[in-house]
Amino acid sequence: QVQLVESGGGLVQAGGSLTLSCEASGSIASINAMGWYRQPPGKQRELVGIVSGGTTNYADSVKGRFTISRDNAKNSVYLQMNSLKPEDTAVYYCNAQIRRLYMSGNRDYWGQGTQVTVSS
């Protein structure tokens with residue numbers, strides 16, 4: 001089995017910062033892309049940013065404020081969020097494309113989600 005466990009969400013005032021962490025564990029052969037999505041209240045899940053093959057892509061709404069980094073040795077991905085706005089309020093989900101041991105092909109795995117609330 002494979003698990004993605006997130007941590008670091010919480011309540012912060014507008015203009016503040018938070019860092020989310022996500023670690024993948026289990027029967028992992030390799031990890032392709034890792035990244036973050038979010039689901040604001042009453043809206044669909046949307047991409048925040050993703051890192052793959054040394055390239056990182058961000059949603060326009062977070063460019064210049066959010067930074068994604070990976071630690072391949074720890075099977076982990078991080079989301080540093082600065083200059084937070086009330087519209088960043090959402091449940092944030094970690095995502096990874098993982099090939100399991102003794103299996104072929106990548107599959108999408110998701111974390112359980114962590115709430116980020118930005119007060120005005």
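Because the structure is a prediction, the values reported are computed rather than measured.

K.L.:
Explain the packing of aromatic side chains residue by residue, including any values.
P.N.:
All told, the structure shown has 1 aromatic pair when counted by the stated rule. Measuring from ring centre to ring centre gives 5.0 Å for Tyr37 and Trp110, while their planes differ by 65°; the resulting arrangement is edge-to-face. Here Tyr37, found in strand β4 (residues 28-39), pairs with Trp110, found in strand β10 (residues 107-110); they are 73 residues apart in sequence, far enough to count as distant. The ring of Tyr93 carries Arg45 above its face, with NZ or CZ at 3.7 Å from the centroid. One cation-aromatic arrangement involves Arg45 over Trp110; the distance from NZ or CZ to the ring centre is 4.6 Å.

K.L.:
So, the pairing of strand β3 (residues 18-26): which residues are in play, and what are the values?
P.N.:
In this structure, strand β1 (residues 2-7) lies alongside β3, joined through 6 bridges in antiparallel fashion. Each bridged residue has a counterpart across the sheet, and for Ser7 the counterpart in β3 is Ser21. With 6 bridges joining them, β3 and strand β8 (residues 76-81) adopt antiparallel strand pairing. Bridge pairing in β8 links Thr19 to Gln80.

K.L.:
Describe the state of the cysteines, and please don't skip the residues or the numbers.
P.N.:
Taken as a whole, this structure holds 1 disulfide when the rule is applied. Each sulfur of the disulfide joining Cys22 and Cys94 lies 2.1 Å from the other. Because the sign of the S-S torsion sets the handedness, a value of about -75° for the bond joining Cys22 and Cys94 places this disulfide among the left-handed ones. Linking Cys22 in strand β3 with Cys94 in strand β9 (residues 90-100), this pair joins segments that are 72 residues apart in sequence. Take Cys22: its relative accessible area is 1%, and that puts it in the buried class.

Procedures and definitions
- Residues numbered from 1 in each chain as written.
- Predicted model: local features only at pLDDT ≥ 70, side-chain atom pairs only at ≥ 80, totals over all residues.
- Heavy atoms only, no water.
- Phe/Tyr/Trp six-rings, centres within 6.5 Å; stacked < 30°, edge-to-face > 60°.
- Helix = DSSP H or I, 4+ residues; strand = E, 2+ residues; numbered from the N terminus.
- Lys NZ or Arg CZ within 6 Å of the ring centre and 35° of its normal.
- Pairing = 2+ DSSP bridges.
- Disulfide = S-S within 2.5 Å.
- Buried < 20%, exposed > 50% of the residue type's maximum accessible area, 1.4 Å probe, protein only.

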